[in-house]
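Chain and residue survey
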Amino acid sequence: MLSMSRYIAAIDQGTTSTRCLLMDERGRVASSSQAEHTQHFPQPGWVEHDPLEIWQRTQEVIAGALAAASATGSDIAAIGITNQRETTIVWNRHSGKPYANAIVWQDTRTSVICDQMREQGMEDRLRVMTGLPLATYFSGPKLRWLLENVPGLREDAEQGDALFGNIDAWLIWNLTGGGKSEEAKFADSQHVTDVTNASRTQLFNLATLQWDDWACDTMQVPKSMLPRVMPSSAREAFGYTSEDGPFGRRIPICGVLGDQQAALVGQTCFQAGDAKNTYGTGCFMLMNTGETPTASEAG
């Protein structure tokens, strides 16, 4: 039961659009709203999104879904977030402004960084530790590229003023930021992510379920930039929306999963060996391998 509230709000931030759905206690869709955002291609092989546009579209679809169901924030019991994975954002913890456009998972500008690390013999250890091969796909090399190419970013990062996150962390930060003055706007913002998104950065140790010191040093990433990692199964909420945000009241953000992992859970693939294909901007297969990391022998 949803107590006195009628719905759970699900925010799905994807590669080409953002959607908000209101679900009733039987899992039926009561309303939905969707809005596309701009794809930026500044150079061949480069793909970017404007983080502020994504946040604006998120607010719009929340308002649209509430209006379509004749609902208000008081009708929402909890919020879940699913998101395009690996897409990398850096922003200032005081102003909330991004240092640059988000580098999207499809972007290949980090091929030189990946090749250099491979030549230095780092790939095998990273693969064992993170479960991922060295590839332009993942967030760690993208974050290193930003630190090396955005003026002033590394200095701010080393001083603790610059934050990194995938799309989930960016949305949580903004949804939970609610100071009543511009100076205090982000005083309550939560800088957090979930295990599934953290696992796609190539900075996360699958054995310890923590950010790995060696991986961060290898990628030349200050750990102070990284969000706190939480599981969606925790009793603690990821944070509470601000009263002056798009929902108009404090609502717990209770579930966060990268989009393919969310599909796996949504189709109840709870047993080892269960697998799921998702068809969106690309086609992706994920398999539940159980509670022990299982190394791929097929690349």
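Source: prediction; values computed, not measured. Within each chain, residues carry numbers counting from 1 in the order of the written sequence. This being a predicted model, a pLDDT of at least 70 is required before a residue's local features are given, and a value of 80 or more before pairs of side-chain atoms are given or counted; all residues contribute to the totals for chains, interfaces and linings. As a rule here, side-chain values come from all non-hydrogen atoms in the structure, and water together with hydrogens is ignored.

1. Some points on the overall build of the protein chain
Helical segments are the DSSP runs of H or I of at least four residues, strand segments are the runs of E of at least two, and each set is numbered from the N terminus. Of the regular secondary structure elements, the protein chain holds nine helices and 16 strands. Only C-alpha atoms enter the radius of gyration, while the globule expectation follows 2.2 Å times N to the 0.38, with N the number of residues. Scaling as 2.2 N^0.38, a compact globule of 299 residues should have a C-alpha radius of gyration of about 19 Å, and the protein chain matches this with 19 Å. Structurally, the protein chain occupies a C-alpha span of about 60 × 50 × 35 Å along its principal axes. Burial classes: relative accessible area under 20% of the type maximum marks a residue as buried, over 50% as exposed, and values in between as partly exposed (1.4 Å probe, protein chains only). In the protein chain, buried positions account for 51% of the 299 residues. Using the Shrake-Rupley algorithm and a 1.4 Å probe, accessible areas are obtained, with residue cover drawn only from the displayed protein chains. Total accessible area computed for the protein chain in this model is approximately 14000 Å², and 49% of it derives from carbon and sulfur atoms. The averaged location of the 35 negative side-chain charges in the protein chain is 4 Å from the averaged location of its 24 positive side-chain charges. A residue counts as positive if it is Lys or Arg and as negative if it is Asp or Glu; His and the chain ends are not included. All charge positions are set by atom: Lys at NZ, Arg at CZ, Asp at CG, Glu at CD.

2. Points about the environment of Gln13
Relative to the elements of secondary structure, Gln13 occurs in strand β1 (residues 7-13). Taking the relative accessible area as the measure of exposure, Gln13 reaches 0% and is therefore buried. In this structure the C-alpha to C-alpha distance between Gln13 and Gln34, which are 21 residues apart in sequence, comes to 9.6 Å. Contact definition: two residues touch when any of their heavy atoms are within 4.5 Å. When residues no more than four places from it in sequence are discounted, the contact partners of Gln13 are Thr18, His37, Ile54, Thr82, Asn83, Gln84, Ile167 and Leu171.

3. Section: helix α4 (residues 139-149)
The buried count for α4 comes to nine of eleven residues, which makes it a mostly enclosed element. Listing the buried residues of α4 in full gives Ser139, Gly140, Pro141, Lys142, Leu143, Arg144, Trp145, Leu146 and Leu147. Buried-residue contacts for α4 involve β6 (89-92), β7 (102-103), α2 (111-119), α5 (153-158), β8 (162-165) and α8 (213-219).

4. A word on the packing of α2 against α4
Axes are the key here: two packed helices are described by the angle between their axes and the distance separating the axes. Running from amino to carboxyl end, α2 crosses α4 at an angle of 110°, the nearest separation of the two axes being 9 Å. With respect to their mutual orientation, α2 and α4 come out roughly perpendicular. Facing α2, whose interface residues are Ile113, Cys114, Gln116 and Met117, α4 presents Pro141, Arg144, Trp145 and Glu148. Within the contact of α2 with α4, the residues separate by chemical class into five nonpolar, one polar and two charged. Axis definition: a line fit to C-alpha positions, over the contact stretch in the case of helices; interaxial angles, taken between N-to-C directions, run 0 to 180 degrees. With respect to orientation, any angle under 35 degrees is reported as roughly parallel, any angle over 145 as roughly antiparallel, any angle of 65 to 115 as roughly perpendicular, and every other angle as oblique. Put simply, Ala, Val, Leu, Ile, Met, Phe, Trp, Tyr, Cys and Pro go in the nonpolar bin, Asp, Glu, Lys and Arg in the charged bin, and everything else, Gly too, in the polar bin.

5. Some thoughts on the side chain of Asp212
Of note, Asp212 is situated in the loop between β11 (210-211) and α8. There is no salt bridge for the buried Asp212, and the closest opposite charge comes from Arg125, which lies 5.7 Å off by N-O distance. Contacts described as polar in this section are N or O atom pairs within 3.5 Å, which, within protein, must combine one atom able to donate a hydrogen with one able to accept it, while residues neighboring in sequence count only if both atoms come from side chains. Polar side-chain contacts of Asp212 include one of 3.0 Å to the side chain of Asn205. Looking at Asp212, its side chain comes within polar contact range of the main-chain nitrogen of Trp214, at 3.0 Å. What counts as a salt bridge is simple: a side-chain nitrogen of Lys or Arg found within 4 Å of a carboxyl oxygen of Asp or Glu.

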